[in-house]
Protein chains: 2
Amino acid sequence: MNPSAIAGPFFTDLYELTMAAVYFGKRVNDRATFSLFARPHANRPFFVAAGIHEVVDALAQFRFSDDEIRWLQQTGRFKPDFLDHLSALKFTGDVLAMSEGEVFFAHEPVLEVTAPLIESQIIETYLINTVGVATLLTTKAARCVHAAAGRSLIDFSLRRTQGSHAGMTAARSAYLAGFSGTSNVLAGKQWAIPVSGTMAHSFVSAFESEIEAFTAYAEIFPDNSVFLIDTYDTLQGAKNAAEVGMRMKENGHSLVGIRLDSGDMLELSTQVRRILDQAELPEVKIFASSGFDEYSLERLVAAGAPIDAFGVGTRMGVSADAPYLDMVYKMVCLGDRDVRKVSEGKITLAGKKQVFRRSRDDGRFTGDEIGMRDERPDGASPLLKRVMKNGRPVGSFCTLEESRERFAGNLKRLEDRFKKLSDPDLYPVFISERLKELQKKC
Amino acid sequence: MNPSAIAGPFFTDLYELTMAAVYFGKRVNDRATFSLFARPHANRPFFVAAGIHEVVDALAQFRFSDDEIRWLQQTGRFKPDFLDHLSALKFTGDVLAMSEGEVFFAHEPVLEVTAPLIESQIIETYLINTVGVATLLTTKAARCVHAAAGRSLIDFSLRRTQGSHAGMTAARSAYLAGFSGTSNVLAGKQWAIPVSGTMAHSFVSAFESEIEAFTAYAEIFPDNSVFLIDTYDTLQGAKNAAEVGMRMKENGHSLVGIRLDSGDMLELSTQVRRILDQAELPEVKIFASSGFDEYSLERLVAAGAPIDAFGVGTRMGVSADAPYLDMVYKMVCLGDRDVRKVSEGKITLAGKKQVFRRSRDDGRFTGDEIGMRDERPDGASPLLKRVMKNGRPVGSFCTLEESRERFAGNLKRLEDRFKKLSDPDLYPVFISERLKELQKKC
């Protein structure tokens, strides 16, 4: 699924295994339910569910290798009967999860696992990491899409993501959130995401002159050229690009665009647009890439910068203003006992749950209710769907395109006041009466 | 090397391939030298080199697969002769790099590649990403080690790193920087890093009472138990731990420690220490894990908190206060021409370079000089070593333990004023006269 992911049970914290050893030794292995959810985050009024497909694929194949068991044995920490148990272990549980691209909010479970305690516990680290990074990056990308107000965005983050898994996840997440494409070739191949990119400054430097560099590029890619114009002097670069663009036109081809990569983007894009228009090249687009994030995108769009598409890189790819979510995986039910941990204002809701969403007639979301799994409140849609039953995936995943459409719909249906970049209103999330009652009991 | 890394030439931005197509079409393929370096960062007065071994391993095996070539072909962007060229492409270049664990500074090349232009360009995205994330996380971990002033640190970051590659890199980086161990089992197996971890809150909740949970754990791990004491009430938890600890002692075993995971760490650790000492358990250690980073570590150590070891997680694992470095890979030489790009205060030093470091007799570093590759200034040690020649690794890597020792030595030799967490002095980095002359010429 994600070619860069490690997904086996060894991608884990040691304590998952030591706890499992005690559960095994003490024969504590009732079915337990765990909830995966995010705690509130000051800069993230909403989240976007992602990483679910990757996790389901991995759980279906969750096995310890012989090599791993041998390594555990030689640590001297574990008894042979427990290691035998591990080497035969599969994931046999049930999983409910939100669909990828679904908007969700703090405290709402995005995924719930029910499985014998050893299995449901041992997958904790992997689940938090995988759903965590995908949700983190999709949420960040979604904020960029919202801020861009319809302008096209391209993921340029690969070189600065925190490693290869994050690089792949960023490209997929960005596309899911509504980006038009990515510079990431492997992601393009893996998930059929449109790829884009043309030249670096080093390319321009590799030729005797800028004009020569542009001309060489146009010769090889006569209908697919975007010239980077700021290697020496941006406005002169725009004139050089226009000159080559006009020649391309005379030869029956067409320059796709120019790219700005430094300087005052509003000022430069305005002047460059003028140069291109004066050269009768109104069809040549302006691309910009310059440390963008949702905040600078919003400012440039509001200022009316004539930029047709933005390359969004580093800050999106590491979610720079919020580089982690407080995503947690908490036991909420063990056997027939509902479990709640209360510590210093950190809420964990006991019991198997469901998230219900209500909408107005025009589709706009009015609020969510976190209820018990078996509730069926009128006029509300349950968001958690069964994705695994007895360790096997249920049905097939929706495609990335379908998830992308789901998110696009969600983003429209979420009112602007809930997704403002500063001082957003708090989206209403209620707890059902029955779930409240349950909390009192445990 | 890093089991979670993607290392092939497809882990790249599309523009590396479009540029290569033009270079191929226009027969521009002189040997080029590229410098990999970090631009200054307000919160990072020094960096620690890492990711070098991973990169050298990958470059030695750098090949396009048939499948990848077919995919490129069906994009319709590339001509058959260029695709033939790619499918036969190997990395045949020379690489100089700093040793892992070496402290370095802004503008200093941590790695320089010399290879035919197509090869040296195409690896850009991969190099920046891989050396970037390893250097980012090692540098962050190094700051934690410095702040902990000799106390033991354990990497607990796996669940919150930005994906699996970053999770593996964080564990290795933390150990390289001087952490004692990691919770990450796969990293323990991969790099022989000591692993550690015992129980989560869910473990305590899984039993009828806290005492029962501790007793069960002690039964399975009689000489390797650390009890998590804050699930219900921390001080009562400490008393429960002491009670079970005393029983373990009576039976000829020994409680290793307790772990605090929430609340006021100074206050709680002091009170818990008192409880343990009163129970005549002075040997029982106090572990703490609670959103630590270098800043909170420094404060707690300065306040004299009786904490023996710190679990350091999320903020270290994502380098939260600086989640990316401005690491760049710039062409500095093409054929016999030295190349320099000048843009808005961003310095790129033309020419093949070397970094020279000077020390006092007591070993302390006095300053660095960035010079030309062939300079040999008196009394200075060159930091860039040849690690690849004609595409093949030169010699063998030092072990992770050796790199760890190198960094420990470096950290001592770097004066405190250059590594203070706030307002550090700027470490002196000069540019040699000959290198300055060269800049004027190109």
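The rules we used
- Residues numbered from 1 in each chain as written.
- Chains lettered and ligands numbered in written order.
- Predicted model: local features only at pLDDT ≥ 70, side-chain atom pairs only at ≥ 80, totals over all residues.
- Helix = DSSP H or I, 4+ residues; strand = E, 2+ residues; numbered from the N terminus.
- Buried ≥ 20, exposed ≤ 12 C-beta atoms within 10 Å, placed from the backbone.
- Least-squares fit on C-alpha atoms with pLDDT ≥ 70 in both.
- Domains from an automatic or database assignment.
- Contact = placed C-beta atoms within 7 Å.
- Nonpolar A, V, L, I, M, F, W, Y, C, P; charged D, E, K, R; others polar.
- Pairing = 2+ DSSP bridges.
- Axes fitted to C-alpha atoms, helices over the stretch in contact; angles between N-to-C directions.
- Parallel < 35°, antiparallel > 145°, perpendicular 65-115°, else oblique.
- Left-handed = near helix turned anticlockwise from the far one by under 90°.

Caption draft 1: Broad picture of the overall build of chain A. Helix and strand counts for chain A stand at 16 helices and 19 strands. Over its C-alpha atoms, taken along the principal directions, chain A stretches across nearly 80 × 55 × 40 Å. Expressed as a percentage of its 442 residues, the buried residues of chain A come to 55%.

Caption draft 2: View of the relation of the copies chain B and chain A. For the pair chain B and chain A, the relating rotation is 180 degrees, the translation along its axis is 0.0 Å, and the fit reaches an RMSD of 0.0 Å. What the superposition gives is, in effect, a two-fold axis relating one chain to the other.

Caption draft 3: Representation of the domain arrangement of chain A. Residue and element names in this part refer to chain A. If you check the domain split of chain A, you get domain 1 (14-137 + 324-441) and domain 2 (147-317). Measuring from the centre of the C-alpha atoms in domain 1 to the corresponding centre in domain 2 gives 39 Å. Facing the 13 residues of domain 1 at the interface are 14 residues of domain 2. Among the elements of the structure, α6 (124-148) and α15 (400-413) are those that each provide at least two residues to the side of domain 1 that touches domain 2. Examining the composition of the side of domain 1 that touches domain 2, we find that 5 residues originate from one element, α15, more than from any other. Partitioning the side of domain 1 that touches domain 2 into residue classes produces 9 nonpolar, 2 polar and 2 charged.

Caption draft 4: Focus on the sheet that holds strand β13 (residues 337-338) of chain A. Residue and element names in this part refer to chain A. Taken in spatial order, the 7 strands of this open sheet run β13-β12-β1-β5-β3-β17-β18, and their pairing is antiparallel. Across the chains shown, the open sheet's two edge strands, defined by having one partner strand only, are β13 and β18 (392-393). Relative to strand β12 (residues 327-334), α6 is tilted by about 135 degrees, and along the sheet it contacts β1 (31-38), β5 (111-116) and β12.

Caption draft 5: Here's a closer look at the packing of helix α2 (residues 52-60) of chain A against α6(A). Residue and element names in this part refer to chain A. Contact geometry of α2 with α6 gives a least axis separation of 9 Å together with a crossing angle of 155 degrees. As the angle between them shows, α2 and α6 are arranged roughly antiparallel. Every pair of crossing elements has a handedness; the one defined by α2 and α6 is right-handed. Every residue of α6 that contacts α2 at I52, E54, V55 and A58 is listed here: Y126, L127, T130, V131 and A134. Residues that form the contact of α2 with α6 fall into these classes: 7 nonpolar, 1 polar and 1 charged.

Caption draft 6: Spatial organisation of the interface of chain B and chain A. Every contact between the two is made by 75 residues of chain B and, on the other side, 75 residues of chain A. Elements with a contribution of two residues or more to the side of chain B that touches chain A: α1 (14-25), α5 (117-122), α6 (124-148), α7 (164-177), α8 (185-191), α9 (201-205), α10 (210-220) and β12 (327-334) of chain B. At 8 residues, α1(B) tops the list of elements feeding residues into the side of chain B that touches chain A. Per-class residue counts for the side of chain B that touches chain A are 36 nonpolar, 29 polar and 10 charged.

Caption draft 7: View of the sheet that holds strand β11 (residues 309-312) of chain A. Residue and element names in this part refer to chain A. Taken in spatial order, the 6 strands line up as β7-β6-β11-β10-β9-β8 in an open sheet, and their pairing is parallel. Only two strands of the sheet have a single neighbouring strand rather than two, namely β7 (181-182) and β8 (226-228). Taken together, the 4 bridges between strand β9 (residues 257-260) and strand β10 (residues 285-289) define a ladder with parallel strand orientation. Following the sheet pairing, G257 is matched in β10 by K285.

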